[in-house]
Amino acid sequence: MFNKKNKELNIPNHIAIILDGNGRWAKKRGMPRTYGHQKGVENIRTIALAASDFGIKALSVYAFSTENWKRPKDEVDFLMKLPAEFEKKFKDDFKKYDIKVMFSGRKTHLSDKNLEILERITENTKDRQGLILNICFDYGSQTEITEAVQLISQEVKENKIKPENISKEMITERLYTKDLPELDLLIRPSGEVRLSNFLLWQAAYAELYFCDTYWPAFSKKSLEKALLDFTKRNRRFGGLK
Ligand code: IPE
Ligand code: IPE
Ligand code: MG
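Please read these numbers as outputs of a predicted model, since none were measured by experiment. (Residues numbered from 1 in each chain as written. Chains lettered and ligands numbered in written order. Predicted model: local features only at pLDDT ≥ 70, side-chain atom pairs only at ≥ 80, totals over all residues. Heavy atoms only, no water.)

1. Some points on a nonpolar patch on the surface
A surface patch of nonpolar side chains, amounting to about 250 Å² of accessible area, comprises Val 193, Leu 208 and Phe 210. Inspection of the secondary structure puts Leu 208 in strand S6 (residues 207-210). (Patch = residues over 30% accessible without salt bridge, like charges linked within 9 Å, V, L, I, M, F, W, Y side chains within 5 Å. Areas by Shrake-Rupley, 256 points an atom, 1.4 Å probe, with all protein chains shown as cover. Salt bridge = Lys/Arg side-chain N within 4 Å of Asp/Glu carboxyl O. Helix = DSSP H or I, 4+ residues; strand = E, 2+ residues; numbered from the N terminus.)

And the structure:
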(Lines give C-alpha, C1' and ligand atoms only; values in the text may rest on other atoms or scores of the structure.)
(Ligands and ions follow the chains in the order given, each with its own letter.)
Protein backbone atom coordinates (compact mmCIF):
# COMPACT_ATOMS: atom_id res chain seq x y z
CA MET A 1 0.00 0.00 0.00
CA PHE A 2 1.29 3.48 -0.92
CA ASN A 3 0.24 6.78 0.59
CA LYS A 4 -0.39 9.94 -1.40
CA LYS A 5 3.28 10.88 -1.42
CA ASN A 6 3.97 7.43 -2.80
CA LYS A 7 5.72 6.25 0.31
CA GLU A 8 5.29 2.55 0.79
CA LEU A 9 3.34 1.62 3.90
CA ASN A 10 3.47 -1.66 5.70
CA ILE A 11 -0.15 -2.08 6.75
CA PRO A 12 -0.70 -3.86 10.08
CA ASN A 13 -3.52 -6.40 10.36
CA HIS A 14 -4.65 -5.22 13.77
CA ILE A 15 -4.16 -1.86 15.39
CA ALA A 16 -5.45 -0.65 18.74
CA ILE A 17 -5.90 2.90 19.95
CA ILE A 18 -6.36 4.26 23.47
CA LEU A 19 -8.87 7.07 22.97
CA ASP A 20 -7.27 9.43 25.44
CA GLY A 21 -7.21 13.19 25.90
CA ASN A 22 -10.88 14.07 25.39
CA GLY A 23 -11.07 16.04 28.64
CA ARG A 24 -7.88 18.03 28.06
CA TRP A 25 -8.88 18.73 24.46
CA ALA A 26 -12.16 20.26 25.68
CA LYS A 27 -10.54 22.15 28.57
CA LYS A 28 -8.13 23.81 26.17
CA ARG A 29 -11.17 25.18 24.36
CA GLY A 30 -12.88 26.32 27.59
CA MET A 31 -15.52 23.64 27.19
CA PRO A 32 -16.79 20.94 29.59
CA ARG A 33 -15.09 17.53 29.49
CA THR A 34 -18.27 15.98 28.07
CA TYR A 35 -17.83 18.10 24.94
CA GLY A 36 -14.50 16.35 24.45
CA HIS A 37 -16.18 12.96 24.86
CA GLN A 38 -18.77 13.95 22.26
CA LYS A 39 -16.05 14.88 19.77
CA GLY A 40 -14.12 11.78 20.75
CA VAL A 41 -17.01 9.51 19.81
CA GLU A 42 -17.42 11.23 16.48
CA ASN A 43 -13.76 10.69 15.82
CA ILE A 44 -14.18 6.92 16.14
CA ARG A 45 -16.14 7.06 12.90
CA THR A 46 -13.49 9.19 11.13
CA ILE A 47 -10.65 6.90 12.15
CA ALA A 48 -12.60 3.68 11.49
CA LEU A 49 -13.28 4.86 7.93
CA ALA A 50 -9.62 5.88 7.55
CA ALA A 51 -8.45 2.49 8.85
CA SER A 52 -10.77 0.83 6.38
CA ASP A 53 -9.31 2.97 3.55
CA PHE A 54 -5.80 1.91 4.58
CA GLY A 55 -6.82 -1.74 4.36
CA ILE A 56 -6.37 -2.49 8.06
CA LYS A 57 -8.28 -5.65 9.02
CA ALA A 58 -9.11 -4.90 12.65
CA LEU A 59 -9.19 -1.77 14.78
CA SER A 60 -9.64 -1.99 18.55
CA VAL A 61 -10.54 1.21 20.36
CA TYR A 62 -10.47 1.73 24.13
CA ALA A 63 -13.57 3.77 24.89
CA PHE A 64 -14.29 3.07 28.58
CA SER A 65 -12.14 1.18 31.06
CA THR A 66 -13.06 -0.88 34.11
CA GLU A 67 -11.31 1.89 36.08
CA ASN A 68 -13.28 4.77 34.51
CA TRP A 69 -16.21 4.09 36.88
CA LYS A 70 -14.16 6.04 39.46
CA ARG A 71 -14.96 9.31 37.65
CA PRO A 72 -17.67 11.74 38.82
CA LYS A 73 -21.18 10.35 38.37
CA ASP A 74 -22.25 12.91 35.79
CA GLU A 75 -19.27 12.08 33.57
CA VAL A 76 -19.89 8.32 33.89
CA ASP A 77 -23.58 8.88 33.13
CA PHE A 78 -22.61 10.79 30.00
CA LEU A 79 -20.18 8.07 28.90
CA MET A 80 -22.84 5.41 29.44
CA LYS A 81 -24.89 7.08 26.71
CA LEU A 82 -22.18 6.30 24.17
CA PRO A 83 -23.55 2.93 22.95
CA ALA A 84 -26.78 4.67 21.89
CA GLU A 85 -24.65 7.29 20.13
CA PHE A 86 -22.63 4.62 18.29
CA GLU A 87 -25.84 3.04 17.08
CA LYS A 88 -27.44 6.28 15.91
CA LYS A 89 -24.42 7.99 14.40
CA PHE A 90 -22.41 5.19 12.83
CA LYS A 91 -25.14 3.10 11.26
CA ASP A 92 -25.14 4.46 7.72
CA ASP A 93 -21.42 4.98 7.16
CA PHE A 94 -20.55 1.64 8.69
CA LYS A 95 -23.04 -0.08 6.41
CA LYS A 96 -21.57 1.67 3.40
CA TYR A 97 -18.05 0.59 4.41
CA ASP A 98 -19.19 -2.94 5.33
CA ILE A 99 -17.75 -2.51 8.85
CA LYS A 100 -18.36 -5.27 11.36
CA VAL A 101 -18.65 -4.03 14.94
CA MET A 102 -17.88 -6.09 18.03
CA PHE A 103 -17.50 -5.19 21.68
CA SER A 104 -14.94 -6.30 24.22
CA GLY A 105 -15.49 -5.88 27.90
CA ARG A 106 -17.20 -7.02 31.08
CA LYS A 107 -20.85 -7.85 30.73
CA THR A 108 -21.60 -7.63 34.45
CA HIS A 109 -21.69 -3.90 35.19
CA LEU A 110 -23.44 -2.34 32.17
CA SER A 111 -27.16 -1.58 32.19
CA ASP A 112 -29.55 -3.98 30.46
CA LYS A 113 -30.32 -1.23 27.99
CA ASN A 114 -26.66 -0.83 27.03
CA LEU A 115 -26.13 -4.60 26.80
CA GLU A 116 -29.14 -4.77 24.50
CA ILE A 117 -27.70 -2.03 22.25
CA LEU A 118 -24.27 -3.68 22.10
CA GLU A 119 -25.89 -7.03 21.29
CA ARG A 120 -28.05 -5.47 18.56
CA ILE A 121 -25.14 -3.68 16.87
CA THR A 122 -23.05 -6.88 16.96
CA GLU A 123 -25.90 -8.97 15.54
CA ASN A 124 -26.74 -6.46 12.78
CA THR A 125 -23.16 -6.24 11.53
CA LYS A 126 -21.91 -9.80 12.13
CA ASP A 127 -21.90 -10.90 8.49
CA ARG A 128 -19.97 -7.91 7.19
CA GLN A 129 -16.68 -8.52 5.45
CA GLY A 130 -14.89 -5.17 5.86
CA LEU A 131 -12.94 -3.72 8.78
CA ILE A 132 -13.66 -5.24 12.19
CA LEU A 133 -14.16 -2.42 14.67
CA ASN A 134 -13.69 -3.77 18.20
CA ILE A 135 -15.05 -1.24 20.68
CA CYS A 136 -13.62 -1.90 24.14
CA PHE A 137 -16.26 -0.71 26.57
CA ASP A 138 -16.04 -1.47 30.27
CA TYR A 139 -12.86 -3.20 29.21
CA GLY A 140 -9.94 -4.03 31.48
CA SER A 141 -7.17 -6.35 30.45
CA GLN A 142 -6.69 -7.80 33.92
CA THR A 143 -10.41 -8.59 34.15
CA GLU A 144 -10.29 -10.16 30.69
CA ILE A 145 -7.41 -12.44 31.74
CA THR A 146 -9.12 -13.20 35.07
CA GLU A 147 -12.28 -14.25 33.23
CA ALA A 148 -10.19 -16.52 30.97
CA VAL A 149 -8.63 -18.11 34.08
CA GLN A 150 -12.10 -18.66 35.53
CA LEU A 151 -13.26 -20.38 32.33
CA ILE A 152 -10.23 -22.63 32.25
CA SER A 153 -10.57 -23.47 35.97
CA GLN A 154 -14.14 -24.54 35.35
CA GLU A 155 -12.99 -26.86 32.56
CA VAL A 156 -10.29 -28.27 34.80
CA LYS A 157 -12.92 -28.91 37.46
CA GLU A 158 -15.04 -30.76 34.89
CA ASN A 159 -12.00 -32.84 33.91
CA LYS A 160 -12.02 -31.42 30.37
CA ILE A 161 -8.52 -29.96 30.71
CA LYS A 162 -5.51 -31.15 32.69
CA PRO A 163 -3.67 -28.31 34.47
CA GLU A 164 -0.37 -29.34 32.88
CA ASN A 165 -1.95 -29.01 29.42
CA ILE A 166 -2.96 -25.37 29.84
CA SER A 167 -1.23 -23.50 27.04
CA LYS A 168 -0.90 -19.87 26.03
CA GLU A 169 -3.10 -20.65 23.01
CA MET A 170 -5.85 -21.83 25.38
CA ILE A 171 -5.65 -18.51 27.20
CA THR A 172 -5.65 -16.51 23.95
CA GLU A 173 -8.75 -18.43 22.81
CA ARG A 174 -10.62 -17.39 25.94
CA LEU A 175 -10.00 -13.67 25.62
CA TYR A 176 -12.61 -11.26 24.20
CA THR A 177 -10.32 -10.76 21.21
CA LYS A 178 -10.10 -14.46 20.28
CA ASP A 179 -11.45 -13.90 16.76
CA LEU A 180 -9.12 -11.00 15.92
CA PRO A 181 -5.72 -11.15 14.23
CA GLU A 182 -2.66 -10.73 16.42
CA LEU A 183 -2.13 -7.15 17.58
CA ASP A 184 0.55 -5.39 15.51
CA LEU A 185 0.43 -1.76 16.59
CA LEU A 186 -0.85 -0.05 19.72
CA ILE A 187 -1.28 3.71 19.58
CA ARG A 188 -1.73 6.04 22.54
CA PRO A 189 -2.40 9.68 21.77
CA SER A 190 -2.52 12.50 24.34
CA GLY A 191 1.05 12.38 25.64
CA GLU A 192 0.60 9.72 28.32
CA VAL A 193 3.09 6.89 28.10
CA ARG A 194 1.35 3.92 29.71
CA LEU A 195 -1.06 1.15 28.74
CA SER A 196 -3.71 1.79 31.44
CA ASN A 197 -4.83 -1.86 31.52
CA PHE A 198 -5.38 -2.17 27.76
CA LEU A 199 -4.62 -5.39 25.82
CA LEU A 200 -1.74 -6.41 28.09
CA TRP A 201 -1.65 -10.01 26.86
CA GLN A 202 -2.26 -9.09 23.22
CA ALA A 203 0.44 -6.41 23.22
CA ALA A 204 3.22 -8.92 24.00
CA TYR A 205 4.87 -8.23 20.62
CA ALA A 206 2.90 -5.24 19.37
CA GLU A 207 4.78 -2.14 18.34
CA LEU A 208 3.94 0.78 20.64
CA TYR A 209 3.42 4.30 19.30
CA PHE A 210 2.85 7.37 21.45
CA CYS A 211 1.98 10.86 20.22
CA ASP A 212 0.94 14.13 21.84
CA THR A 213 -2.24 14.80 19.86
CA TYR A 214 -5.44 14.59 21.92
CA TRP A 215 -7.85 11.95 20.64
CA PRO A 216 -10.53 14.37 19.26
CA ALA A 217 -7.80 15.95 17.10
CA PHE A 218 -6.27 12.63 15.98
CA SER A 219 -6.85 12.61 12.21
CA LYS A 220 -6.36 10.33 9.23
CA LYS A 221 -3.03 12.13 8.81
CA SER A 222 -2.07 11.24 12.41
CA LEU A 223 -2.90 7.62 11.66
CA GLU A 224 -0.81 7.73 8.51
CA LYS A 225 2.10 9.09 10.54
CA ALA A 226 1.80 6.16 12.92
CA LEU A 227 1.69 3.76 9.97
CA LEU A 228 4.82 5.32 8.49
CA ASP A 229 6.57 4.89 11.81
CA PHE A 230 5.35 1.28 12.03
CA THR A 231 6.69 0.64 8.53
CA LYS A 232 10.20 1.55 9.75
CA ARG A 233 10.14 -0.77 12.75
CA ASN A 234 12.24 -3.89 12.74
CA ARG A 235 10.12 -6.58 14.36
CA ARG A 236 12.26 -9.43 15.58
CA PHE A 237 9.92 -11.34 17.94
CA GLY A 238 12.95 -12.37 19.95
CA GLY A 239 14.81 -13.71 16.94
CA LEU A 240 17.49 -12.13 14.79
CA LYS A 241 17.06 -10.26 11.53
C1 IPE B 1 -10.48 9.53 27.22
O2 IPE B 1 -10.34 10.86 27.53
C3 IPE B 1 -11.89 9.04 27.34
C4 IPE B 1 -12.13 8.14 28.47
C5 IPE B 1 -11.24 7.73 29.31
C6 IPE B 1 -13.49 7.69 28.64
P7 IPE B 1 -10.14 11.35 29.02
O8 IPE B 1 -11.49 11.59 29.60
O9 IPE B 1 -9.30 10.44 29.78
O10 IPE B 1 -9.43 12.72 28.78
P11 IPE B 1 -8.21 13.29 29.62
O12 IPE B 1 -7.16 12.24 29.62
O13 IPE B 1 -8.73 13.59 30.98
O14 IPE B 1 -7.80 14.50 28.86
C1 IPE C 1 -7.50 5.06 29.39
O2 IPE C 1 -7.53 6.43 29.61
C3 IPE C 1 -8.87 4.55 29.22
C4 IPE C 1 -9.57 4.97 28.01
C5 IPE C 1 -9.12 5.77 27.10
C6 IPE C 1 -10.88 4.40 27.82
P7 IPE C 1 -7.55 7.05 31.09
O8 IPE C 1 -7.56 8.51 30.93
O9 IPE C 1 -8.64 6.43 31.86
O10 IPE C 1 -6.17 6.51 31.66
P11 IPE C 1 -5.25 7.07 32.83
O12 IPE C 1 -6.12 7.26 34.03
O13 IPE C 1 -4.67 8.36 32.35
O14 IPE C 1 -4.20 6.03 33.01
MG1 MG D 1 -7.31 10.26 30.12
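Still more to cover.
2. Quick word on the side chain of Thr 177
Among the structural elements, Thr 177 can be located in the loop between helix H7 (168-172) and strand S5 (185-188). By relative accessible area, Thr 177 is classed as buried at 8%. Within the structure, the side chain of Thr 177 is placed 2.9 Å from the side chain of Gln 202, a separation counted as a polar contact. The residues touching Thr 177, leaving out its near neighbours within four places in the chain, are Ser 104, Asn 134, Glu 144, Leu 199 and Gln 202. (Buried < 20%, exposed > 50% of the residue type's maximum accessible area, 1.4 Å probe, protein only. Polar contact = N/O pair within 3.5 Å; in protein donor to acceptor, adjacent residues only side chain to side chain. Contact = heavy atoms within 4.5 Å.)

3. Observations regarding the site of ligand 2
Surrounding ligand 2, one finds Ile 18, Leu 19, Asp 20, Tyr 62, Ala 63, Phe 64, Ser 65, Asn 68, Arg 71, Arg 188, Arg 194 and Ser 196. In this structure, an oxygen atom belonging to ligand 2 sits 2.8 Å away from a side-chain N or O atom of Arg 194. Within the side chain of Ser 196, a nitrogen or oxygen atom sits 2.6 Å from an oxygen atom of ligand 2. Summarising the interface, the protein chains cover 78% of the accessible area of ligand 2, which totals 390 Å² for the free molecule. The leading source of residues in the shell around ligand 2 is strand S2 (residues 58-65), at 4 residues. Along the lines of polarity and charge, the residues of the shell around ligand 2 split into 5 nonpolar, 3 polar and 4 charged. (Near = heavy atom within 4 Å. Nonpolar A, V, L, I, M, F, W, Y, C, P; charged D, E, K, R; others polar.)

4. Concerning the sheet that holds S5
Across a sheet, paired strands are connected by hydrogen bonds in the backbone, their directions being either parallel or antiparallel. Read across the open sheet, the 6 strands follow the order S3-S4-S2-S1-S5-S6; overall the sheet is parallel. Strands with a single pairing partner mark the edges of an open sheet, and in this sheet they are strand S3 (100-104) and S6. Each strand axis lies, on average, 20° off the axis of its neighbour in the sheet, ignoring direction. Sheet analysis places S5 next to S6, joined by 4 bridges and oriented parallel. Bridging from a neighbouring strand, Ile 187 pairs with Tyr 209 of S6. Packed on one face of the sheet, helix H2 (residues 33-54) meets strand S1 (14-18), S2 and strand S4 (132-139) and runs near 160° to S2. (Pairing = 2+ DSSP bridges. Axes fitted to C-alpha atoms, helices over the stretch in contact; angles between N-to-C directions.)

5. A short note on the site of ligand 1
In the neighbourhood of ligand 1, 13 residues make up the surrounding shell, with Leu 19, Asp 20, Arg 24, Arg 33 and Arg 71 lying closest. Within the backbone of Gly 23, an N or O atom sits 2.9 Å from an oxygen atom of ligand 1. For ligand 1, whose accessible area on its own is 370 Å², the fraction buried by protein is 88%. Of all the secondary-structure elements, those providing two or more residues to the shell around ligand 1 are helix H1 (22-28), H2 and helix H3 (73-79). Take the shell around ligand 1: its biggest share by element is 3 residues, from H1.

6. A closer look at the state of the cysteines
Applying the stated criterion across every chain, the model contains 0 disulfides. Here Cys 136 is not cross-linked by a disulfide; its sulfur's nearest cysteine counterpart is in Cys 211, at 18 Å. (Disulfide = S-S within 2.5 Å.)

7. What to know about the nonpolar core
Core analysis: the largest hydrophobic core is formed by 46 residues, its most contacted members being Leu 59, Phe 86, Leu 133, Ile 187 and Leu 223. Per element, the largest residue contribution to this core is 8 residues, and it comes from H2. The residues touching Phe 86, leaving out its near neighbours within four places in the chain, are Val 41, Ile 44, Lys 91, Phe 103, Ile 121 and Ile 135. Among the nonpolar cores identified, the runner-up in size contains 12 residues, and Tyr 62, Tyr 139, Phe 198 and Ala 206 belong to it. (Core = buried A, V, L, I, M, F, W, Y, C linked by side-chain atoms within 4.5 Å.)

8. With respect to helix H4 (residues 82-96)
Compared with an ideal rise of 1.5 Å per residue, which puts 15 residues at 21 Å, H4 spans 21 Å between its outermost C-alpha atoms and is within 8% of the ideal. Along H4, the largest kink reaches about 60° and is centred on Phe 90. Every buried residue of H4 is accounted for by Leu 82, Pro 83, Glu 85, Phe 86, Glu 87, Phe 90 and Phe 94. Two residues or fewer after H4 comes Asp 98, characterised by a positive phi angle close to 60°. (Expected span 1.5 Å × (residues − 1). Bend = angle between axes of the 7 residues up to and from the residue.)

9. Quick notes on the packing of H4 against helix H5 (residues 112-125)
Direction vectors running N to C along H4 and H5 enclose 30°, while the axes themselves pass 9 Å from each other. Put simply, H4 runs roughly parallel to H5. As H4 runs across H5, the sense of the crossing is left-handed. For the pair formed by H4 and H5, the contact residues are Pro 83, Ala 84, Phe 86 and Glu 87 on the first element and Asn 114, Ile 117, Leu 118, Arg 120 and Ile 121 on the second. (Parallel < 35°, antiparallel > 145°, perpendicular 65-115°, else oblique. Left-handed = near helix turned anticlockwise from the far one by under 90°.)

Take it as geometry only, folks, not as evidence of what the structure does.
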